[in-house]
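# Topology and contacts: notes
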Amino acid sequence: MGSNELLEALKVLGTNVLYSDKSMYLKCAIELGIFDAVHNHGGRITLPELLCAISVPPSKSFHFCRFMRMMTTSGFFAKQSSSEEEDVYLLTPPSRLFVEDKGRTSLSPFVLGVLKPIMLRPFSYLSGWFKEDKPPTEPTPFKLAHGYDFWAMLGRNEDAGRSFNDAMASDTRFTMDVLVKDHGEVFRIYYKGALIEDFGSSVGSPKLYIY
């Protein structure tokens, strides 16, 4: 391969290897409450104000600044720089997905549910699963990782079950909010009480929206 091909290959490698890092940064931002803090501050905030709002000690300010740089590069924040004043961080359309605003549902529970360690661990068993000469469903990578299949694990692990339900309810409410807002007349005409079921969680989110 030539130099250009090697550089392009390295770019693809870096993108795929570091992809998981970006999802962990997003998880961290949600857990720290960064999106809500910026939103509650009017959608724009300086770094010192943000550190104070989410109770991060000054000793971590240098590393937190680098963290916010990564989040900005990823598109979750915009930054306004000034030579005379502190840099200001602003919410972007992607970051607004993670705040409760004007009745719109936050997708934070969905992200946290998908990125729980219990959900990520099966991927470490994928190569071993491929090498076993057994039916694809016995056992699954999830069962190899945890000793139980997915639904059995949710029943045994109260925290995992609650997180999964919250994640699915968040995703369903957000989707239904968009559908009802833009295509509400379809549901008013055709919904008869049994056409939409709650397959995502156990809380009946779609029916709550329709009724």
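See above for the structure.
The present account deals with the structure reproduced in this document. Keep in mind that what you see is a predicted model, and the values were worked out from it rather than measured.

On inspection of all chains with the given rule, the structure shows 6 salt bridges. Where K79 meets D87, a salt bridge forms, and the shortest distance between an N and an O atom there is 3.7 Å. With a relative accessible area of 25%, D87 lands in the partly exposed category. Among the charged side chains, a salt-bridge network with shared partners connects K116, E158, D159 and R162.

It is worth spelling out the side chain of K27 at this point. Of note, K27 is situated in helix α2 (residues 19–32). What K27 contacts, discounting residues up to four positions off in sequence, is L112 and L115.

Right, let's get into helix α5 (residues 61–73). Its 13 residues give α5 an end-to-end C-alpha distance of 18 Å, which sits within 8% of 18 Å, the value for a rise of 1.5 Å per residue. Every buried residue of α5 is accounted for by F64, F67, M68 and M71. End-on view of α5: buried residues confined to an arc of 100°, all on one side of the axis. Along α5, exposed side chains directed more than 90 degrees from the buried face belong to F62, H63, R69 and T73. Along its buried surface, α5 packs onto α2, α3 (34–40), α4 (47–53), β2 (77–80) and β3 (88–91).

Our focus in this paragraph is a nonpolar patch on the surface. Together, M24, L120, F123, L126 and F130 make up an exposed nonpolar region whose accessible area comes to about 490 Å². Counting through the fold element by element, F130 comes out in helix α8 (residues 126–131). On the basis of relative accessible area, F130 is assigned to the exposed category, the value being 60%.

Strand order in the open sheet made by the 3 strands is β1-β3-β2, with antiparallel pairing throughout. Looking at which strands have only one partner, the edges of the open sheet turn out to be β1 (44–46) and β2. Taken pair by pair, the neighbouring strands of this sheet meet at an average axis angle of 30°, ignoring direction. Relative to β3, β2 runs antiparallel, the two being bridged by 4 bridges. Looking at β3, one finds that K79 is bridged to Y89. Along the sheet face, α5 touches β2 and β3 and points at about 115° away from the line of β2.

About the criteria used
Here the residue numbering is sequential within each chain, running from 1 through the sequence in written order. In keeping with the model being predicted, local features are shown solely for residues with a pLDDT of at least 70 and side-chain atom pairs are shown and tallied solely at 80 or more, while totals for entire chains, interfaces and linings include all residues. Side-chain measures here rest on the full set of heavy atoms in the structure, leaving out hydrogens and waters. The term salt bridge refers to a pairing of a side-chain nitrogen on Lys or Arg with a carboxyl oxygen on Asp or Glu at a separation within 4 Å. Throughout, exposure labels follow a simple rule: accessible area from a 1.4 Å probe, protein chains only, divided by the maximum for the residue type, with under 20% read as buried, over 50% as exposed, and the rest as partly exposed. Helix numbers and strand numbers start at the N terminus; a helix is a DSSP run of H or I with at least 4 residues, a strand a run of E with at least 2. Contact between two residues is taken to exist if any of their heavy atoms lie within 4.5 Å; hydrogens are not considered. Here the expected length of a helix is defined as 1.5 Å per residue gap, with one fewer gap than residues. The directions considered for the arc run from the helix axis to the C-beta atoms. Note on patches: the residues involved have over 30% relative accessible area and no salt bridge, like charges join within 9 Å, and the nonpolar side chains Val, Leu, Ile, Met, Phe, Trp and Tyr join within 5 Å. In this description, accessible areas are obtained by the Shrake-Rupley approach with a 1.4 Å probe, and a residue is regarded as covered only by the protein chains that are shown. Paired strands, in this sense, are two strands between which DSSP finds at least two bridges. Axis lines are fitted to C-alpha atoms, over the contacting stretch for helices. Their N-to-C directions set the angle, which ranges from 0 to 180 degrees.

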